[in-house]
Amino acid sequence: MAVPCYRCGESVKGDTIGLNKKMVNRAVQQYLCMRCLAEHFRVTEQELRTMIDHFRKAGCTLFPPED
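Presented here is a report on the structure given in the accompanying data block. The model shown is predicted, which means the values in this text are computed figures rather than measured ones. (Residues numbered from 1 in each chain as written. Predicted model: local features only at pLDDT ≥ 70, side-chain atom pairs only at ≥ 80, totals over all residues. Heavy atoms only, no water.)

### Focus on the overall build of the protein
Counting secondary structure elements, the protein contains 3 helices and 2 strands. If you list the helices and strands of the protein from N to C, you get β-β-α-α-α. The globule rule puts the C-alpha radius of gyration for 67 residues at 11 Å, and the 11 Å found for the protein is close to it. The principal-axis extents of the C-alpha atoms in the protein amount to approximately 30 × 25 × 20 Å. Contacts in the protein between residues at least 24 apart in sequence constitute 41% of all its contacts with a sequence separation of at least 6. Working note: accessible area of the protein is about 4,600 Å², and carbon and sulfur atoms make up 49% of it. (Helix = DSSP H or I, 4+ residues; strand = E, 2+ residues; numbered from the N terminus. Rg over C-alpha atoms; globule rule 2.2 N^0.38 Å. Contact = heavy atoms within 4.5 Å. Areas by Shrake-Rupley, 256 points an atom, 1.4 Å probe, with all protein chains shown as cover.)

### Notes on the packing of aromatic side chains
With the rule as written, the count across this model stands at 1 aromatic pair. For the ring pair Phe 55 and Phe 63, a centre distance of 5.9 Å and an interplane angle of 20 degrees mean the geometry is stacked. On the accessibility criterion, Phe 55 (18% relative accessible area) is buried. For Phe 63, a relative accessible area of 1% puts it in the buried group. (Phe/Tyr/Trp six-rings, centres within 6.5 Å; stacked < 30°, edge-to-face > 60°. Buried < 20%, exposed > 50% of the residue type's maximum accessible area, 1.4 Å probe, protein only.)

### Digging into helix 1 (residues 15–23)
Note: α-helices contain 3.6 residues per turn, so residues at a spacing of three or four share the same orientation. Of the residues making up helix 1, those classed as buried are Thr 16, Ile 17, Gly 18, Leu 19 and Asn 20. Contacts from the buried residues of helix 1 go to strand 1 (2–4), strand 2 (11–13), helix 2 (34–41) and helix 3 (45–57).

Here it is as structure tokens:
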């Protein structure tokens, strides 16, 4: 499932949707792309990717294991 970023229109899917739900709200209906999410939280995209890896390793179901 891919949806447009509500700020810039870029396609948002997979782990980025999970990160929106984890960091913003699980019931979120509009999503930010990785770039806009990084700007919103004033972090780098790499820091967000590190967070995704951390959440995945911790067993968060929003980030299924990679094959």
